[in-house]
Amino acid sequence: IQSTKGFIVSVNPRKEADNMYKIFTERFGMIFTTAQSSRKETSKLRGSLERYSISEVSFVEGKGGYRMTGANKLFSLNDIGFENTKAVELIVGLSRLLKKLCPESEVHEKIFTILEDTYKEVIKKRKDEEFLENYEILVVVRILQELGYWNEEKDNIDIEKIKKAVKAGTNN
């Protein structure tokens, strides 16, 4: 059994009560895993595997890929509050970015740390829309840098100015 933290990027129904999950994990990168009967009301996994949540996940690797064996939710959109539209959009947007740019099974521990820190910061500052707009830019730039899509010198943007603007927002 393997255990790691993971960000639930997408959830797709399979068979009668199963789900297929795309999870960006701290230790294994982007993985696909199935969870048997996870759509049933009585499933232990159901509440811990919500889309866009960060959970501690456990799984085994078999012939057909990864199979979920356990999960414990750490953060979810419920912690942000769905009425905080900008905060929810920020998390959903990061999910889309990871889904498009992170190759399967390529480990990016630093990106996972950025994502986890972002969730914590967004929960704290969920009502400050100006801060969230600036913070989203900073987080996206950091992720693009980690993936090799952004070169600070070549792409001609002053990251320090962005960091200062975001830091000014965190001190309010």
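As a reminder, the structure under discussion sits directly above these lines.
In this report, we go over the structure that sits alongside the text. (Residues numbered from 1 in each chain as written. Predicted model: local features only at pLDDT ≥ 70, side-chain atom pairs only at ≥ 80, totals over all residues. Heavy atoms only, no water.)

1. A look at the sheet that holds strand β4 (residues 54-62)
With respect to topology, five strands assemble into a closed barrel ordered β1-β2-β3-β5-β4, the strand pairing being mixed. Taken over all neighbouring pairs, the strand axes of this sheet differ in orientation by 45° on average, direction set aside. Examined bridge by bridge, β4 and strand β5 (residues 65-75) share nine bridges and lie antiparallel to one another. Residue Val57 lies in a different strand from β5, and its bridge partner there is Ala71. Lying over the sheet, helix α2 (residues 85-101) contacts β1 (2-14), β2 (18-25) and β3 (29-35), oriented at roughly 90° with respect to β1. Contacting β1, β2, β4 and β5, helix α3 (residues 109-124) runs over the sheet at an angle of about 75° to β1. (Pairing = 2+ DSSP bridges. Helix = DSSP H or I, 4+ residues; strand = E, 2+ residues; numbered from the N terminus. Axes fitted to C-alpha atoms, helices over the stretch in contact; angles between N-to-C directions. Contact = heavy atoms within 4.5 Å.)

2. Let's talk about the packing of aromatic side chains
The final tally for this structure, using the stated rule, is five aromatic pairs. Both rings, one in Phe131 and one in Tyr135, keep their centres 5.1 Å apart while their planes meet at 20°; by these two values the pair is stacked. Of this pair, Phe131 and Tyr135 both sit in helix α4 (residues 129-147), four residues apart, roughly one helical turn. With relative accessibility at 2%, the residue Phe131 sits in the buried group. (Phe/Tyr/Trp six-rings, centres within 6.5 Å; stacked < 30°, edge-to-face > 60°. Buried < 20%, exposed > 50% of the residue type's maximum accessible area, 1.4 Å probe, protein only.)

3. Section: the nonpolar core
Counting residues in each nonpolar core, the largest one holds 32 residues, and the members touching the most others are Phe7, Phe24, Ile80, Ile91, Leu98, Tyr119 and Ile143. Among the elements of the structure, β1, α1 (77-80), α2, α3 and α4 are those that each provide at least two residues to this core. By size, the runner-up hydrophobic cluster in this structure holds 12 residues, among which are Ile8, Ala35, Val57 and Phe59. (Core = buried A, V, L, I, M, F, W, Y, C linked by side-chain atoms within 4.5 Å.)

4. Some words on α4
Think of an α-helix as 3.6 residues a turn; residues three or four steps apart then line up on the same face. Taking 1.5 Å per residue as the helical rise, α4 with its 19 residues ought to reach 27 Å, and the 27 Å between its terminal C-alpha atoms agrees with that figure. Among all positions of α4, only Phe131, Leu132, Tyr135, Leu138, Val139, Val141, Ile143, Leu144 and Leu147 are buried. Gly148 sits one or two positions beyond α4 and adopts a positive phi of about 85°. (Expected span 1.5 Å × (residues − 1).)

5. A closer look at unusual backbone geometry
Even without being glycine, Lys15 reaches a positive phi, approximately 50°. Among the structural elements, Lys15 can be located in the loop between β1 and β2. Look at Tyr52: it is not a glycine, yet its phi comes out positive at around 70°. Take Tyr52: it is sitting in the loop between β3 and β4.

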